[in-house]
Amino acid sequence: MSNHPIPFGRPLLDAEEIEAVTRVLSGPTLVHGPVSHAFEQRFAERIGTRHAVALSSCTAGLHLSLLVNDVGPGDAVAVPAMTHVATAHAVEFCGARPRFVDVEADSGNIDPEDLAAAVTPELKAIMVVHYLGLPCDMDRILALAEKAGAFVVEDCALAVDATYGGAKAGTLGLTGCFSFYPIKHMTTVEGGMVTTDDEDVATAIAQRKAFGYDRALGQRAKPGIYDVTALGYNYRMSEVQAAVGLAQLGKLDAFQRARAENHRILKSALAELDEITVFEPLKGKAVSSHYCLNAVLPRDRSVARDRVVASLKEAGVGTSVHYPRAVPLMTYYRDKYGYREGQFPVAEWLAEQTISLPVGPHLKEGDALRIAEAFKEAVRRARA
Ligand SMILES: *Cc1c(COP(=O)(O)O)cnc(C)c1O
């Protein structure tokens, strides 16, 4: 068997992206031009929303989704305790307070039971994160949101093409926020997209991502003349990034098939390890986008993660951790709000004992089985 290193993730770019970038760089328009608009349109079609707005990152999308819906000081926003810190930071950017909610032990998704307990009159929005690509229990969350008078923002950074009752993630909340960081499902180097059916929200996000100009470049009767009607940012995506994104969209079906297949092979090869929790890619109406295979070691800490990761590394298998600490226990949040260990037991267990194994389209024939064998051996050694 070949022993080439298998990284956790690797962007797959080839001559097509390089040619597309070269075409943009040889032309006159480097930002807010036709390539970005084409990318937005194609992405909206794929996800199934009326609008999509390209941005510099998913984090920018999360921020503006809250900002344009008037989240501000005095408001609370529910955030799962187990997520990328960007989800919580977006709330802080608005001067509102994140209200952390623990997650389910079988999916890592926000726990609807705990979410119900977090509803108060200050709760203005609910951020759901489709953890590692599996959509949250949206029927219950949307019902709760409606009762609470809160709107829902979906963090779809790892959930491109995930579905819930047949509808794609990104169509279920008021907005969906996607990431095109290099090792997500597809890349624009850095970049993000917000999807929404709400025209006012789409227009407001488009305005706030570009300084708060009252009219876009193409709408100006006199060149260079505009007013500024809101405090805006510079969160734009460049034409170069959009060109990469368009090329990647053309390959996405093949990428997703490879992820699903690698996940299936790896999961069935690990089925015999009964002390390891492997999150299911299907749950109720939810179907995962297979971002990675998530293996969680026992709660009793009988298997040490550091040792498993070290053995895998020795075997040439890259891993990741999603995420290394419950967000409320990250120093910034702990210092600011005084959170303590033990308040988010499931998120804390995941932070300590979860390992993400690669399933991306960069895997070669036989790699999924090699990862499975290396993982089994690593667990055996870490237990001994
Ligand atoms: C990667 C990620 C983000 C941040 O995305 P950027 O495009 O890097 O801003 C946010 N949320 C989740 C769940 C992520 O995995």
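Participant: Could you clarify how one ought to interpret the sheet that holds strand S12 (residues 286-287) in this entry?
Facilitator: In a beta sheet, neighbouring strands pair by backbone hydrogen bonds and run either parallel or antiparallel. Read from one edge to the other, the open sheet built from 4 strands follows the order S7-S6-S12-S11, with strand pairing classed as antiparallel. Edge positions in the sheet fall to strand S7 (167-168) and strand S11 (282-283), since each has one partner strand and no second. Bridge count between S11 and S12: 2 bridges; the pairing is antiparallel. Bridged to Leu282 within S12 is Val287.

Participant: Mind showing me how you'd approach unusual backbone geometry here?
Facilitator: Outside of glycine, negative phi angles account for most residues, and trans bonds account for most peptide bonds. For the bond from His322 to Tyr323, the omega torsion is 0°, close enough to zero to count as cis. With respect to the helices and strands, Tyr323 occurs in the loop between helix H9 (305-314) and helix H10 (331-337). Despite not being glycine, Asp70 has its phi angle at roughly 65°, a positive value. Examined against the element boundaries, Asp70 turns out to sit in the loop between helix H3 (58-67) and strand S2 (76-80). Positioned with a positive phi, Asp161 is a non-glycine residue whose angle comes to about 75°. By the element assignment, Asp161 lies in the loop between strand S5 (151-155) and strand S6 (163-164). Residue class for Asp161 comes out buried when judged on its relative accessible area of 17%.

Participant: Help me understand the sheet that holds strand S8 (residues 175-179) in this model?
Facilitator: An order of S1-S9-S8-S5-S4-S2-S3 is seen for the 7 strands of this open sheet, with the pairing classed as mixed. Of all strands in the sheet, those bounded by a partner on one side alone are strand S1 (51-55) and strand S3 (97-101). Neighbour-to-neighbour, the strand axes of the sheet open up by a mean angle of 20°, direction not taken into account. Both S2 and S3 contribute to a ladder of 5 bridges, which runs parallel. Of the residues in S3, the one forming a bridge with Ala78 is Arg99. Across the sheet, helix H6 (residues 138-148) lies against strand S4 (123-129) and S5, angled at about 170° from S4, the strand it touches most.

About the thresholds
- Residues numbered from 1 in each chain as written.
- Predicted model: local features only at pLDDT ≥ 70, side-chain atom pairs only at ≥ 80, totals over all residues.
- Heavy atoms only, no water.
- Pairing = 2+ DSSP bridges.
- Helix = DSSP H or I, 4+ residues; strand = E, 2+ residues; numbered from the N terminus.
- Buried < 20%, exposed > 50% of the residue type's maximum accessible area, 1.4 Å probe, protein only.
- Axes fitted to C-alpha atoms, helices over the stretch in contact; angles between N-to-C directions.
- Contact = heavy atoms within 4.5 Å.

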